[in-house]
Every structure is written in structure tokens, then in C-alpha cells.
Amino acid sequence: MKRTIALALLALALFAGCSTQPRNQGEITDMRRQAEAQLGRGNRQADRSEPEGALFFIEDALRLAILADDSGLRARAGLSLGNALFALGLESEARAAWAEALAEAESSGSRELVALARSHAARGALFSAITARSGAAVAQSVVEELARERPHLRDPLFVAFSWTVEALALGELGRFAQAEAASARSRATHERARLFELAAFDWFMIASFRSRSGDLPGARAALEASIELDRRVENSWGLAASWRALGDVQTRAGNREAAAAAYARSAGIFSALGHEAAAQDALSRAP
């Protein structure tokens, strides 16, 4: 039981857009403020699995960052651009965006941004391998890369991003207890920051690890926690995905009636979102 790779990617996209450096009061920062605002809008769209809408805002943020000649901002916008492109299935374009973002991070002189960019590259390699059903082949190298880069990350949200990617890699290695522990680190940061969409995704990942290890009651409890958080922020796509996953868990547990109800609820949300194919997929899973 997992969300799609694209959804996993988009749920992490916010981290490329976090602003960490205050501006001196004597500077003129109009374009940079506009870029930050557009980047924030794009990342919020991405968090809700709307890559087309995200791309519009992120490209505008990158344009403004280029106009301001701000390498750090260009790097963060480029990382988000790569995320959105990857979610749209444009893998080669995404890799090019991430590579350019790494170059800008190096130009900025920020070792933290370099570490963040390299972590994105590691995650991209992991996603590509998972898509090709060979995730375990690269997962260990991703864990090692993240361990090398994490000490250079100071922003708590960047660190949480690193733990989230490590959790995905550990899950591919079948090390589910360690994967859950990594997700718990990320979740704690997101909950403290009141980033409930991201905390909901952390719970979703924990549910996946528990389900794959055979802990179905634990998986159900984690999905219920994910649903509760997504309700608080009206994250409809996350709700639909979690209800569908809950149907999967109930099916495995032999609870046919509860599974059918969960799938129907998921389908209703997907349909209201205009995603009829996803709605039909949910309904087709009913036992």
C-alpha cells in the first residue's frame, strides 16, 4: 500500500521553497518577495497533487529570481521546478532542472543549499529506480548520501525532508521499523510547524510501512491519523488517497464491509475533484 511516486514527490515539494535567510532592511526586495510568494503558491499546489497549477507559479517564481539574480532563490525555485516536472512525467527535464539548481546552489555559497540539492538528486534517483521496480538497488546508496549531506542542513524543514526521503529508501530495503522511525522524525517537525498536510503524509508513509510489515491494526490507526490531519487543512487529494489505502488495509484484514465503505468514500472525493479514473479505480478494489 503506497501513494503513487508522483504524489510522494509532490508531497515533499514544499521543502524546496522554504525561505531561511532574512533580508537586510536597506535592500530593495520587491522581486524577491514576489518570487517567494509565487514559490509558496506553487509548492502548496504541488502538496495537493496539482502539478500543472504548481508549474505556473513555480516558473514565475524562477523568472523573478532570475531577474533579481538571486542564486539561492534560483536554486530553491529550480528544485521545485524539477519536482513538478517529474510529477508530470518529464523525467529528463526534471533532472536538468535539478542539475541547474545544484549549480546555482554552489554559486550561492550556501553549503546548506548544496546539501539540499544533492538530497533532491538522490531522491530523484530513488524515484526513478522505484518506477523501474529496482528501488532496492539504489536505496542503500541514497541512505548513505543523505547521511553525508544531513549534517550540512540547519533549517528544520530541510532536515525533515532528508528524513522523509530516507524513510522511503529504508522502506525499499524492507527495513520497516527504521523507516517508521525516520518518518516519525519528519512528522514531529511538521507537526511543530503546523504543516499538517506534510504531517498527514508522514502518517500515510508510516501506515504503508506498518502494512507491509504485517501490522494491519497499526496501519489502520496511522491512516486514521492521516485522515484527521488532512481534514483540518481540507486536503481533498490526501483524504481520497488515505481512504483508498484504508480500503486496502481493511481488505487485507478481511473486513469486506468496512473496505467497501472506505473505497466508496475515496471514490466520492476523487469524483468531486474531477478525477473519475481514480474514483473508478477505488471502486474497482472493493471485495
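Residues numbered from 1 in each chain as written. Predicted model: local features only at pLDDT ≥ 70, side-chain atom pairs only at ≥ 80, totals over all residues. Heavy atoms only, no water.

Okay, the packing of aromatic side chains next. One pass over the structure, following the stated rule, counts four aromatic pairs. Between F86 and F127 the ring centres are 6.1 Å apart and the planes differ by 45 degrees, which places this aromatic pair in the tilted class. Of this pair, F86 sits in helix α4 (residues 71-87) while F127 sits in helix α6 (residues 111-131), and the two are 41 residues apart along the sequence. Given a relative accessible area of 1%, F127 falls into the buried group. Ring geometry for W237 versus F270: centroids 5.1 Å apart, planes at 75 degrees, classification edge-to-face. (Phe/Tyr/Trp six-rings, centres within 6.5 Å; stacked < 30°, edge-to-face > 60°. Helix = DSSP H or I, 4+ residues; strand = E, 2+ residues; numbered from the N terminus. Buried < 20%, exposed > 50% of the residue type's maximum accessible area, 1.4 Å probe, protein only.)

This brings us to the environment of Q178. Structurally, Q178 is set in helix α9 (residues 176-192). Along the chain, Q178 and R44 lie 134 residues apart, while their C-alpha atoms are 29 Å from each other.

Secondary-structure assignment places A46 in helix α2 (residues 30-47). On the basis of relative accessible area, A46 is assigned to the buried category, the value being 1%. Each C-alpha atom, one on A46 and one on A169, is 21 Å from the other, the two residues being 123 residues apart in sequence.

Let us look at helix α11 (residues 216-232). The terminal C-alpha atoms of α11, which comprises 17 residues, lie 25 Å apart, in line with the 24 Å expected from a rise of 1.5 Å per residue. Turning to α11, the residues buried within the fold contact α9, α10 (196-212) and α12 (236-252). Regarding α11, its N-cap is D215, as a side-chain oxygen of that residue lies 2.9 Å from the backbone nitrogen of G218 further along. (Expected span 1.5 Å × (residues − 1). Contact = heavy atoms within 4.5 Å. Polar contact = N/O pair within 3.5 Å; in protein donor to acceptor, adjacent residues only side chain to side chain.)

In this structure, D69 takes a positive phi of about 55 degrees despite not being glycine. Checked against the element boundaries, D69 lands in the loop between α3 (51-68) and α4. By relative accessible area, which is 58% here, D69 ends up exposed. The residue E234 is not glycine, and still its phi comes out positive at about 55 degrees. Inspection of the secondary structure assignment puts E234 in the loop between α11 and α12.

Direction vectors running N to C along α12 and helix α13 (residues 256-273) enclose 160 degrees, while the axes themselves pass 8 Å from each other. Viewed along their axes, α12 and α13 adopt a mutual orientation that is roughly antiparallel. You can see that α12 and α13 cross each other, and the crossing is left-handed. Across the interface between the two elements, S236, W237, L239, A240, A241, W243, R244, L246, G247, D248, Q250 and T251 of α12 pack against A258, A259, A262, Y263, R265, S266, I269, F270 and L273 of α13. (Axes fitted to C-alpha atoms, helices over the stretch in contact; angles between N-to-C directions. Parallel < 35°, antiparallel > 145°, perpendicular 65-115°, else oblique. Left-handed = near helix turned anticlockwise from the far one by under 90°.)

The next point concerns the pattern of salt bridges. Scanning all chains against the criterion turns up 16 salt bridges. Measuring nitrogen to oxygen at the nearest pair gives 3.0 Å for the salt bridge that ties E149 to R111. Residue E149 is found in helix α7 (residues 135-149), and its partner R111 is found in helix α6; the two are separated by 38 residues along the sequence. A relative accessible area of 4% means that E149 is categorised as buried. A salt bridge links R148 to E145; the nearest nitrogen and oxygen atoms lie 2.5 Å apart. Remark: E145 and R148 occur in helix α7; sequence separation between them is three residues, near one turn of the helix. Note on E145: relative accessible area 17%, which makes it buried. (Salt bridge = Lys/Arg side-chain N within 4 Å of Asp/Glu carboxyl O.)

Looking now at helix α14 (residues 276-284). Along α14, the positions that sit buried rather than exposed are A278, A279 and A282. Along α14, the residues classed as buried sweep out an arc of 105 degrees about the axis, all on the same side. In α14, the exposed positions that point more than 90 degrees away from the buried face belong to A277 and S284. (Arc of directions from axis to C-beta.)

This part is about the side chain of R187. Looking at where R187 falls in the secondary structure, it is placed in helix α9. Its relative accessible area of 18% is what places R187 among the buried residues. Once residues lying within four places of it in the same chain are set aside, the contact partners of R187 are A199, D202, W203 and I206.

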